[in-house]
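Structural overview for review
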Amino acid sequence: MAPKAYRSVHVLVALLPLILSGCSAGGTTSAPSPTPTATSVSPTPAAPAVQPPLAGTSWQLVSIASMDDAQGTTEVPDPSTFTVSLQADGTATFQIDCNRGNGSWSATPSDDPASGAIEFGPIAVTRMMCPQPSLDQRVSTALGDVRGYLIKDRQLHMSLMADAGILTWNQT
């Protein structure tokens, strides 16, 4: 037979989890967490989308300025053969000498809407061989490198990445 003290230790060990669980509840019941409810908030009117001043405009290329002094500025002999039309829906159409093209464009005006960032998406261009000498390859390459714009004195100046040059356009 086990001693009486040993038996009471067994009973205490067996009841200890029940005693402790009762202590953790503290004898009080907590109120259930409130269920979150949707609140009605008046929507803040969205700011109207700001369209750069380029949307819906058409331009003729008049010169290509290189930052390389050896190349200097090249005047376009017939500006009507190098055009871009920037549609309000983000599409752009091009005439690049004897070739035609289309693609997308996006612009973000700076604090002064007459300047900002501009980029063209991929441009699909026909591949006709234009009579030489032609600026078609040079202009096609430059359009993919356009990164900024400035409208000044009724001309659109598109700057190329890495300060490689500037395409200057007259509005049509």
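Data block above holds the structure.
Because the structure is predicted, anything quoted here is derived from the model rather than measured.

1. Some details on the overall build of the protein chain
For the protein chain, the count of helices and strands is two helices and 10 strands. Each helix and strand of the protein chain, ordered N terminal to C terminal, gives the series α-β-β-β-β-β-β-β-α-β-β-β. By sequence separation, contacts in the protein chain at least 24 residues apart represent 52% of the contacts at least 6 residues apart. With an accessible surface of roughly 11600 Å², the protein chain has 59% of that area assigned to carbon and sulfur atoms.

2. As for the side chain of Asp136
In this structure, Asp136 sits in helix H2 (residues 136–144). Of the buried charged residues, Asp136 lacks a salt bridge, with Arg127 as the closest side chain of opposite charge at 8.6 Å. Residue contacts for Asp136: discarding those within four places in its chain leaves Phe82, Ile96, Asp97, Asn99, Met128 and Cys130.

3. Observations regarding the state of the cysteines
For the structure on display, the rule yields one disulfide. Here Cys98 connects covalently by a disulfide to Cys130, the sulfurs 2.0 Å from one another. Where Cys98 bonds to Cys130 through sulfur, the torsion about that S-S bond is close to -95 degrees, and the disulfide is left-handed. Within this pair, whereas Cys98 is found in the loop between strand S4 (91–96) and strand S5 (99–109), its partner Cys130 is found in the loop between strand S7 (124–125) and H2, the two being separated by 32 residues in sequence. For Cys98, a relative accessible area of 25% gives the class partly exposed. On the accessibility criterion, Cys130 (4% relative accessible area) is buried.

Rules and cut-offs
- Residues numbered from 1 in each chain as written.
- Predicted model: local features only at pLDDT ≥ 70, side-chain atom pairs only at ≥ 80, totals over all residues.
- Heavy atoms only, no water.
- Helix = DSSP H or I, 4+ residues; strand = E, 2+ residues; numbered from the N terminus.
- Contact = heavy atoms within 4.5 Å.
- Areas by Shrake-Rupley, 256 points an atom, 1.4 Å probe, with all protein chains shown as cover.
- Buried < 20%, exposed > 50% of the residue type's maximum accessible area, 1.4 Å probe, protein only.
- Lys, Arg positive; Asp, Glu negative; His and termini not counted.
- Salt bridge = Lys/Arg side-chain N within 4 Å of Asp/Glu carboxyl O.
- Disulfide = S-S within 2.5 Å.

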